[in-house]
Amino acid sequence: MKVKEIVTLQRSLLVDTEKLLNKQVEMEGKSSAYYLSMASWCDMMGYANAAKYLYTHADEERMHMMKIFRYINEAGGHAIQPEITDIRHNFNSLREVFELILEHEIKVTKAINNIVDHAFSVKDFATFSFMQWYVTEQREEETMSRRALELFDIIGEEGVGLWTIDQELGKLHNASVQASGE
Ligand code: OFO
C-alpha cells in the first residue's frame, strides 16, 4: 500500500491541506523572525515604543505559528519546523519598517484566505473552522498596521514628528495589548 493511502485511512487531513498548513507555519515563523529583526533595529535606533510594539508582535507571530503547528499534529499530520532564512536586519527609516509590515500582513491575509478556500473546497470543515480565528486575526492585524502607517502622514516626520510617532506607536501597542487581554 502506498504511503498516501495509509495516510488517508488513518486520518481525514488531506496531504494537500497538510502541505498548505505547513507552508503557513513557515510564513508565521518568518513573520516572527522578521518582526524581531525590525524590533531590534528600532531599539538600536532609539525608537523605544516602536521596538516594544514589534517585540510583542514577534511573540504573537510565534504563537500563531504554534497554533497551526499543534493543529497539524493533532490532526494526524507532521508539523515541520521551518527553515528561517533571508531575514533583513537593516532598514532605511521607521516609515519603511511600517510600510513593510502592512505589505507583509496583506500577503499573510492572502495565504490564510487561500487555506480557507482550499479547506472549503475539499469539505475539510474542521480546518475551515480552525482557520476562522486567523481570518479575524488578520483583519485586526491589517487594521492595526494601517493605523500605524497613517501616523506618519498625520503627524509628519519633521522636527519632533518621529518622536511623536514613536509615542503614538506606544499608545497603539498598549491599546492592542489591552484588547487582546479582554
Ligand atoms: Fe500571523 O498574523 Fe501577522 O503575519
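Everything numeric in this text was worked out from a predicted model, so none of it was measured.

Draft legend 1. Fine view of the side chain of Glu61. Within the secondary structure, Glu61 sits in helix 3 (residues 48–74). Summary of buried charges: Glu61 has no salt-bridge partner, and the nearest side chain of opposite charge, Arg62, is 11 Å away. Setting aside chain neighbours within four positions, we find Glu61 in contact with Glu28, Ser31, Ser32, Tyr35, Glu105 and Glu141.

Draft legend 2. A look at helix 4 (residues 94–121). Taking 1.5 Å per residue, 28 residues should reach 40 Å; helix 4 reaches 41 Å between its end C-alpha atoms and fits that length. Looking one or two places after helix 4, you find Lys123, whose phi comes out positive at around 60°.

Draft legend 3. The arrangement of the side chain of Glu96 in detail. Mapped onto the elements of the fold, Glu96 is located in helix 4. Residue classification places Glu96 among the buried residues on the basis of a relative accessible area of 15%. A distance of 3.0 Å separates polar atoms of two side chains, one belonging to Glu96 and the other to Arg88. Those residues in contact with Glu96, other than ones at most four positions away along the chain, are Arg88 and Phe91.

Draft legend 4. Structural detail: unusual backbone geometry. Residues other than glycine seldom take positive phi values, yet Asp86 does so here, at roughly 55°. In this structure, Lys123 takes a positive phi of about 60° despite not being glycine. Here Lys123 is to be found in the loop between helix 4 and helix 5 (125–155).

Draft legend 5. Looking closely at the pattern of salt bridges. In the structure shown here, the tally under the stated rule is 10 salt bridges. For Glu26, the salt bridge is made with Lys30, and the minimal N-O distance between the two is 4.0 Å. Taken together, the residues Glu26 and Lys30, both in helix 2 (residues 15–45) and four residues apart, mark about one turn of the helix. Arg95 is the salt-bridge partner of Glu99, the closest N and O atoms lying 3.3 Å from each other.

Reading the values: the criteria
Residues numbered from 1 in each chain as written. Predicted model: local features only at pLDDT ≥ 70, side-chain atom pairs only at ≥ 80, totals over all residues. Heavy atoms only, no water. Helix = DSSP H or I, 4+ residues; strand = E, 2+ residues; numbered from the N terminus. Buried < 20%, exposed > 50% of the residue type's maximum accessible area, 1.4 Å probe, protein only. Lys, Arg positive; Asp, Glu negative; His and termini not counted. Salt bridge = Lys/Arg side-chain N within 4 Å of Asp/Glu carboxyl O. Contact = heavy atoms within 4.5 Å. Expected span 1.5 Å × (residues − 1). Polar contact = N/O pair within 3.5 Å; in protein donor to acceptor, adjacent residues only side chain to side chain.

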